[in-house]
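# Tertiary structure, described
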Amino acid sequence: GGVVPSTAAYFVAASSWEFVTNSPGTTWIEGMAYTLDVQGIDNGVGGAGGNASVPVPGPALTFKYDTTPPTLTLQKPGTYRNSDLTPVSISGIAGDTAPGEIDKVEVRVLRNTGLAFYLSPALLTFSVDPGVTNPELTWIKATYDTDWTAWKLSSAIPWVSGESYDVMARVKDRAGNYVVAYQTHTFKFDVTPPESGLSYPTNSSYVKSLASLSGTM
């Protein structure tokens, strides 16, 4: 598209201006890049027009219009009993449709067993009481090795065998769009091996028939 000049409303008391972008004729196109020049003209007389300012902030401002939310998949832990959460406790993938770019992936963890407390981002202990502290303050920013398409969170989380947890993940892009639905996996952490025993046949016994074997678990 070409250059479209527009006149903004000026508020003397606040020394500010505003251009209402939802006026008739203004249609932002998804994924399009735009350039914005701002220039003020006063009511000075004696010339062809008023005194014009140098465009602010100097070089033209550019931005991209993006309303498409990013996507996210929580891969680890799964929604089952998990026994191995090292060297990475939580991981997944994320993406955004061009020209959108991912700003961050965040994770929060709720312990369901006993006191239902959230993981503290500062202490990495399950010490945040949702009845006292807003759970929105317990999101922890994930990291990545190459880019956000493969993100992860450290294994320093103090999982306790036999306890149940909710792991929630979300992603935000640079335009401020969040993934439509946060991903949540509920699982039980289990590193305790089962105990088993053999009841029949007994040790060092003699048998003349063996239709089945039996034991305890």
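Fair warning: this is a prediction, and the values are worked out from it, not measured in the lab. (Residues numbered from 1 in each chain as written. Predicted model: local features only at pLDDT ≥ 70, side-chain atom pairs only at ≥ 80, totals over all residues. Heavy atoms only, no water.)

Among soluble globular proteins, nonpolar side chains are generally buried collectively. With 24 residues, the main nonpolar core has Ile90, Val109, Trp151 and Trp159 as its most contacted residues. Elements supplying a minimum of two residues to this core: strand E5 (71–76), strand E6 (88–95), strand E7 (102–111), strand E12 (151–154) and strand E13 (164–173). Counting residues in each nonpolar core, the second largest holds five residues, with Leu110, Tyr118, Trp139 and Met168 among its members. (Core = buried A, V, L, I, M, F, W, Y, C linked by side-chain atoms within 4.5 Å. Buried < 20%, exposed > 50% of the residue type's maximum accessible area, 1.4 Å probe, protein only. Helix = DSSP H or I, 4+ residues; strand = E, 2+ residues; numbered from the N terminus.)

By the definition in use, this model includes eleven aromatic pairs. With centroids separated by 4.8 Å and ring planes inclined at 85 degrees, the aromatic side chains of Trp28 and Tyr34 adopt a geometry described as edge-to-face. Look at Trp159 and Phe189: their rings are 6.4 Å apart centre to centre, the planes differ by 40 degrees, and that puts the pair in the tilted class. Placement of the pair is Trp159 in the loop between E12 and E13 and Phe189 in the loop between strand E14 (183–188) and strand E15 (197–200), with a sequence separation of 30 residues. (Phe/Tyr/Trp six-rings, centres within 6.5 Å; stacked < 30°, edge-to-face > 60°.)

Sheet strands line up and pair through hydrogen bonds in the backbone, either parallel or antiparallel. Strand order across the open sheet formed by four strands is E5-E6-E12-E11, with antiparallel pairing between neighbours. Strands at the two margins of the open sheet, each flanked by one partner only, are E5 and strand E11 (143–144). (Pairing = 2+ DSSP bridges.)

Bringing the pattern of salt bridges into the picture now. Per the counting criterion, the structure on display carries seven salt bridges. Residue Glu101 is joined to Arg174 by a salt bridge in which the shortest nitrogen-to-oxygen separation is 2.8 Å. Pair noted here: Glu101 is in the loop between E6 and E7 and Arg174 is in the loop between E13 and E14, with a separation of 73 residues, a long-range link. Owing to a relative accessible area of 39%, Glu101 belongs among the partly exposed residues under this scheme. Between Glu106 and Lys104 there is a salt bridge; the shortest N-O distance is 3.3 Å. Judged by relative accessible area, which is 8%, Glu106 ranks as buried. Through salt bridges with shared partners, one network takes in Lys104, Glu106, Arg108, Glu136 and Arg170. (Salt bridge = Lys/Arg side-chain N within 4 Å of Asp/Glu carboxyl O.)

So, about a nonpolar patch on the surface. Taken together, Leu198, Tyr200, Val207, Leu210 and Leu213 make up a surface patch of nonpolar side chains, about 500 Å² in accessible area. Turning to its location among the elements, Tyr200 is positioned in strand E15. (Patch = residues over 30% accessible without salt bridge, like charges linked within 9 Å, V, L, I, M, F, W, Y side chains within 5 Å. Areas by Shrake-Rupley, 256 points an atom, 1.4 Å probe, with all protein chains shown as cover.)

Take unusual backbone geometry next. Following Lys76, the chain continues into Pro77 via a peptide bond in cis, with omega recorded as 5 degrees. The linkage connecting Ala98 with the following residue, Pro99, adopts the cis geometry, with an omega of 10 degrees. By secondary structure assignment, the location of Pro99 is in the loop between E6 and E7. At Leu124, a position not held by glycine, the phi torsion is positive, near 55 degrees. Assignment of secondary structure puts Leu124 in the loop between strand E8 (118–119) and strand E9 (126–128). Within the chain, Ser204 stands out as a residue other than glycine whose phi angle is a positive 65 degrees.

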